[in-house]
Amino acid sequence: MLDEKAWLSVSAVIHPKGVLLGAGQSSSVALCTAMSPIGDAFRNRLRMFPSLINCCTIDWFQAWPTDALEMVANKFLEEVELDDHIRVEVVEMCKTFQESAQKLSERYYSQLRRHNYVTPTSYLELILTFKTLCSLKLWHRGEKLDSKGGGDVLPRRVAFQESARTEVNTFRNRYLVGLQKLDFAASQVAVMQQELTALQPELIRTSGETDEMMVKIEKETVEVDAKKMLVAADEKVANEAAAAAKAIKDECEGDLAEAMPALEAALSALDTLKPADITVVKSMQNPPGPVKLVMESICVMKGIKPERKPDPGGSGKMIEDYWGPSKKLLGDMKFLENLKAFDKDNIPAANIKKIREKFIDHPDFQPALIKNVSSACEGLCKWVRAMEVYERVAKVVAPKKERLREAEEELALQMKKLEVKRGELKAVQDRLQALNDTFAAMIQKKKDLEDNIEMCSQKLIRAEKLIGGLGGEKDRWTEAARLLGIRYTNLTGDVLLSSGTVSYLGAFTVDFRVECQREWHQLCQLRKVPCSDDFTLSSTLGNQVLIRAWQIAGLPVDSFSTDNGIIVSNSRRWPLMIDPQGQANKWIKNMEKANKLSVIKLSDSNYVRTLENAIQFGTPVLLENVGEELDAVLEPVLLKQTFKQQGVEYMKLGENIIEYSRDFLLYMTTGLRNPHYLPEVAVKVCLLNFMITPLGLQDQLLGIVAAREKPELEEKKNQLILESAANNKQLKEIEDQILEVLSSSQGNILEDETAIKVLSSSKVLSEEISEKQKIASLTEREIDQTRLGYRPVAEHSSILFFCISDLANIEPMYQYSLTWFIGLYLQSIAQSPASDDLGTRISNITEHFTVSIYRNVCRSLFEKDKLLFSLLLTVGIMQGKGQVNDLVWRFLLTGGVALDNPHPNPAPEWLSDKAWSEVVRASKLPNLEGLFEHVQEDVAQWKQIYDSGRPHEEQLPGKWRPLVGMERMVVLRCFRPDKLVPAVQEFIVDNMGRTYIEPPTFDLAGSYSDSNCCSPLIFVLSSGSDPTAGLLKFADDLGMGGSRTQTISLGQGQGPIAARMIETALKDGTWVVLQNCHLATSWMPTLEKICEEIITPENTHSDFRLWLTSYPSDKFPVSILQNGVKMTNEPPKGLRANLLRSYLSDPISDPAFFGSSSKQEVWQKLLFGLCFFHALVQERRTFGPLGWNIPYEFNESDLRISMRQIQMFLDEYEEIPLEALTYLTGECNYGGRVTDDKDRRLLLSLLSTFYSWELIQQAQYRVCEGDLYYVPSHGPYQSYVDYIRNLPIIAEPGVYGLHGNADITKDNQETNQLLDGVLLTLPRQTGGGAKSPQCSTIGRRLHHAGLHAHRPLPRLSLTPRHRHQRLQWCRTRLSWSDSEWQRVIFSDESRFSLGGDAQRIRVWRHRGQHQDERFVVTRPEDLVSLHLHPYRTICRNCEVVDELAEDIMSKLPCDFDVEAVMNKYPVMYEESMNTVLRQELIRFNRNNIKSGPWNKLKLSVVV
């Protein structure tokens, strides 16, 4: 928590290019806010929060200076391996790239009105891209590993990284190693032939020795075999004896097996006895009977004599007592051991007999009973009984043991004899083995010789295969290695140029990109940075196999589109593609289709969820229809803000933390034709201009027409393309495999049979594929020759597309999609007349398609732009044929740059100075040399042209009589620009035909027939036009009237209602009319989403139609404009067109209405007169105040109600009520709109010409002077239409009741409107005449600043305190960027210095001594010695600037002589005005730009 004394310091840090920089710190808390001044956001925030200005420290960060750029480049490039002198030049090149890209962006906007921002972020992107491309080589999807790792497909984006230098060097070394292997194989052939010759005799000798040894071995083998037989017999006898002995032994052991368990049990019982147990027995004084019995049996068994004692029973006899000896026996310390070691095999017979007789059968001599008395005696009892059993068994076994002993003795004797014989056999065998070993060695030697001979033969064969198979590659590999060596040397410059292209040039059109690349390349060569002589982006970063795959996926085949694809795959940022024609969309969808591509829009409700899934699973995403702003939730994705936890990479997207997969790809496309992405958006993405190029469009159109005209050839062509791509890929893989095998083979390649087999099979496969490829290439060339026969169609159609695409510069509603264009193209191919003659067929297609384009486009153009479109078509087609000189065309449009004319005007009384200057400048054009001299010599004849009422039809005087076409229009522009419009019409008729100056009339039914349920119909409104009545009438005619057509006028809160109406109409198959869409710009994105996602074929009733009306608006959705049917409904231009429109429209075109009156002849005359009157009052508006004091919006409803009144009055009255009709028409229908009394009087006067008895009674009543315009005789409907069609396109002013010169102002306005409209469609890059291309840029800047030769320059304050004011003036009025103009200070009290070089001059004021690192200028005269011009800050090498400055200076007045004035008008008390005069003169002289040594410099800089 902050205490009360803690304070907050807010610093608004604004960078002109939108880059966030650091901010200062306070003692407690510092808050830094970064804002970009570009766009409206900063301005709006300042207005909403004034404290941002009042309570903040505002720092304006300028563009990075040169030394900052240099330091940054040095810091980032210190890790890149470069020579010191190369590093210095690379840094300079990086600085140059940044500065030249800024200037290119300014010229890009100046000429094409397209925005592109170059920021410090762009500079960092350049350096990082250079480092990345130098140190990393990106391998893309579908490529295979060349290492031993096998052929697993790598991940899509970056699967394998390798140093670029290392990669190039590796490829080169592989070729060199391959060449070395081939040279080694060739050198080994002679050596191996010598070895083969030397080995043959040795092989023969070794074979003889081996045969001799074989005979000897055979003899020894017989002796050994005899010995083996003897030994085998003895072994048989010995084996029999051994078997008998074993049988006896087994029998003995079987008998003993009976006694052994008891014996072992007795011994085990003895083991359980302890000395304490024996002591217990020993200590018994009067032992029990069983104890005595057991001890007695022990004594008997051991042969111990009993003591004789008197019978305790008193019998007096002596009895044998064993207890005494027993106690002695028990007292023996080794009693138990002696029992265990008792000789059980030699028990005396008497003892064992006594045991059996006395003890064994004794009832008390049982271990179980004795156990109850003494446990020790139990074990002794068991021992005695076991000895008895053993002795009994041993008696049986003893004879058998004797036989066993005898058998073993016999066996030993036999074995002794056998060993002797075995020894003899071993000696023989050893001798035989020695012979065999020698024989084997000789056999191995023979085999080795044979193998060596075979190896030599195989090596010779392999060498022949290697040399024969790969020898043909030697020259190609040598050249490839040489080129790779050159590429290795040039890698630094090529990668630098590629980095600049990727970082800066993506957003530019093809002309700007190529021009900038060429300049950078020349500069790179000039600075001695190693680079290729023919640098291209595709040769440096491209992979031909991958590029071919892109083209198969839909990428246009031109180099510009290929470069775009390379930039997409090599940029560090996600691509945002400007794609108004949908080419990038198509390519991305086809290319990523197999990788589970997700297509999303920002308008989708679940697009974030889709994006999260794609990021987690590593699948590609295509974000379509991006606007000029991106959703903030995308920022982590765009900036790749990831972090790691426990070794796993994560990204925070919104509130969710998700796992980030490196396989994730993001593509973005926008359908906007000219989007304005602010720097804060542009720095996060890689902007790419994917607008289609003429070459790319021609290839597409050629494929379409070939597929329609020759479907079998086009199908075969497409198949060959796929096969060729697969073959080339396989050939590349085979070559890589061959080189890999050669380079990885260790030692002698001729000894590696596997390698040779791989090489041989690979080469055979390669030759087979190459042969197929040759056949395919030959077939493809034959197909291409056939296809190229239709190239004129593709070229012509491509010109038409770019003509109509330029119309969007005139009106934002003139938007046409490539899909719509191709649809008309296919329609023309199908509907144009067929012919077996190719030339005739091509002519039929081009003519039909041109007319189709003209008619379809014209119905969506305003009347003012229809002739303009015809002129654009005509000139575009002629330019495609090389029939237009660009200098002449530009001069016709602009009149050239107005400089001081050194030649005097020969006829100032009728020829204006402006016209004369244009004549002089036109004389510098081709085919017009000497024009102004001829005018000077023959003024009278040229005056006839000037005075003519129809100068465009007059013959030019003298040698200029045969002048035709554009040059003739240039001459007409100089003398009579007001008649340039009819001249243009004649020019169009001569080159294209009359069809192209007679635009089709409004045809609602035709537009409806061209639509479908999913394509909206759009009325583009003009002032006074209202198509609602006609639309509702049309709906009634089709049975869609009443409740089946719903209308709503859009505005605040009407959007949701309109959406519900559309939803209902989709199901019911009714019509919805949305009026005034321009008033609901905020709802337009919703309407666009409805048209894209809801109005789909599967959801829409076939009868549904969506009708839209809107004034021109740049907020109207482009996708709706491109996919809809656009129409304009305004009065046609010209009397003839207006009349024709009336007769071809409802209700006159309805035969029932036209022939419905009972007074048919009068009806048709009055109807024609009314239509003529209607056309007349509308056309008079074009004459300005001469036509009407106030322009009135007379429209079709006035005409419609008036003609129905005529029909009704004629049918209801016997006599014709002319007065009533005049009143209704003149005072009510038309007059109701008229507010000026003079205009009302004029209206009634005009109407009296047509509502008159003369018109009714006279045949062919003339409605104006002359015989051309009259009321046709009574006849059928078609006779009136034919008469109207034969009228002149342009009517004379007299037809409208005006003077013959009344149309001069109107015609001049039409001419200017036409030329200005054409200029809007052309790049703003060149001016008329022979001056440099920068001239028009200078002129436009002067025009925008309000500076003209006849106007005084704006006064600039000269005090230092107004420095910021002057800077702002230069920025806002001249639109200079900081890179062009660093500081502008005009001060008589200060010194000025010039810094920079010939391409960049900066002027700044400084106090005190300032020493520039190159030079110091303190006087204006030093400019001459330095040969430097400050205006080159704006226009490099532009000679027009100096001429303009000189021209302006020559027209400015000189300083007043203040001293002379003071002498004549001295300061006196009585004459206060003298003081005022003196002060004003001093002020004038001070501000006069012509005075003072620096003022010419000031003017040049301003210009």
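Placed above this text is the structure.
Visitor: Help me out: how do you make sense of the overall build of the protein chain in this one?
Guide: From N to C terminus, the protein chain includes 56 helices and 20 strands. The buried share of the protein chain, reckoned over its 1503 residues, is 49%. Excluding contacts between residues fewer than 6 apart, the proportion of contacts in the protein chain whose partners are at least 24 apart in sequence is 73%. Total accessible area on the protein chain is roughly 72900 Å²; 52% of this is exposed by carbon and sulfur atoms.

Visitor: Would you take a moment to explain the packing of aromatic side chains for this structure?
Guide: Aromatic ring pairs are reported here in terms of the distance separating the ring centres and the angle at which the planes meet. In this structure the tally under the stated criterion is 50 aromatic pairs. Their ring planes at 20° and their centres at 6.5 Å tell us that phenylalanine 508 and phenylalanine 512 sit as a pair that is stacked. We classify phenylalanine 508 as buried; its relative accessible area is 0%. Residues phenylalanine 1172 and tyrosine 1269 carry aromatic rings whose centres are separated by 6.0 Å and whose planes lie at 75° to one another, so their mutual orientation is edge-to-face. Placement of phenylalanine 1172 in helix 43 (residues 1160-1179) and of tyrosine 1269 in the loop between helix 47 (1253-1257) and helix 48 (1277-1285) is noted, with a sequence separation of 97 residues between them. The burial state of phenylalanine 1172 is the same as that of tyrosine 1269; both residues are buried. Above the plane of the ring of tyrosine 109 lies arginine 113, whose end atom (NZ or CZ) is 4.8 Å from the centre.

Visitor: In this structure, what is going on with helix 27 (residues 818-831)? I would like to understand it.
Guide: Since the α-helix packs 3.6 residues into each turn, any two residues three or four apart lie on the same face. Here helix 27 is 14 residues long and its end C-alpha atoms lie 20 Å apart, about the 20 Å a rise of 1.5 Å per residue gives. Among the residues of helix 27, Leu818, Trp820, Phe821, Ile822, Leu824, Tyr825, Ser828 and Ile829 are the ones counted as buried.

Visitor: What's the story with the sheet that holds strand 13 (residues 686-689) in this structure? I'm lost.
Guide: Think of a sheet as strands paired side by side through backbone hydrogen bonds, with each pair either parallel or antiparallel. Spatially, 7-8-12-6-13 is the arrangement adopted by the five strands of the open sheet, whose pairing is parallel. Edge strands, defined here as strands with exactly one partner in the open sheet, are strand 7 (598-601) and strand 13. Recorded for the sheet is a direction-independent mean angle of 25° between the axes of neighbouring strands. Of the strand pairs in this sheet, strand 6 (residues 575-578) and strand 13 are connected by four bridges, and their pairing is parallel. Across the sheet, methionine 577 pairs through a bridge with leucine 688, a residue of strand 13. On the sheet, helix 20 (residues 607-617) packs against strand 7 and strand 8 (620-624) and is oriented at approximately 150° with respect to strand 7.

Visitor: Can you walk me through the nonpolar core in this structure?
Guide: If you look at soluble globular proteins, the nonpolar side chains tend to sit buried side by side. Leu807 and Leu1074 are the most contacted members of the largest nonpolar core, which has 114 residues in total. When residues in this core are grouped by element, the largest group, nine residues, is from helix 29 (residues 863-880). When neighbours within four sequence positions are excluded, leucine 1074 is seen to be in contact with Ile1048, Leu1050, Ala1058, Ile1062, Trp1083, Leu1087, Leu1106, Trp1107, Leu1108 and Thr1109. Val495, Ala507, Cys524 and Met591 belong to the second-largest nonpolar core, a separate cluster that totals 87 residues.

Visitor: I'm lost on the environment of glutamate 1092 in this one. Help?
Guide: Mapped onto the fold, glutamate 1092 is located in helix 39 (residues 1084-1094). Expressed as a C-alpha distance, the spacing of glutamate 1092 and cysteine 1014, which sit 78 residues apart in the sequence, is 9.0 Å. Once residues lying within four places of it in the same chain are set aside, the contact partners of glutamate 1092 are Lys601, Asn625 and Ser1119. A distance of 3.0 Å separates a polar atom in the side chain of glutamate 1092 from a polar atom in the side chain of asparagine 625.

The rules behind each value
Residues numbered from 1 in each chain as written. Predicted model: local features only at pLDDT ≥ 70, side-chain atom pairs only at ≥ 80, totals over all residues. Heavy atoms only, no water. Helix = DSSP H or I, 4+ residues; strand = E, 2+ residues; numbered from the N terminus. Buried < 20%, exposed > 50% of the residue type's maximum accessible area, 1.4 Å probe, protein only. Contact = heavy atoms within 4.5 Å. Areas by Shrake-Rupley, 256 points an atom, 1.4 Å probe, with all protein chains shown as cover. Phe/Tyr/Trp six-rings, centres within 6.5 Å; stacked < 30°, edge-to-face > 60°. Lys NZ or Arg CZ within 6 Å of the ring centre and 35° of its normal. Expected span 1.5 Å × (residues − 1). Pairing = 2+ DSSP bridges. Axes fitted to C-alpha atoms, helices over the stretch in contact; angles between N-to-C directions. Core = buried A, V, L, I, M, F, W, Y, C linked by side-chain atoms within 4.5 Å. Polar contact = N/O pair within 3.5 Å; in protein donor to acceptor, adjacent residues only side chain to side chain.

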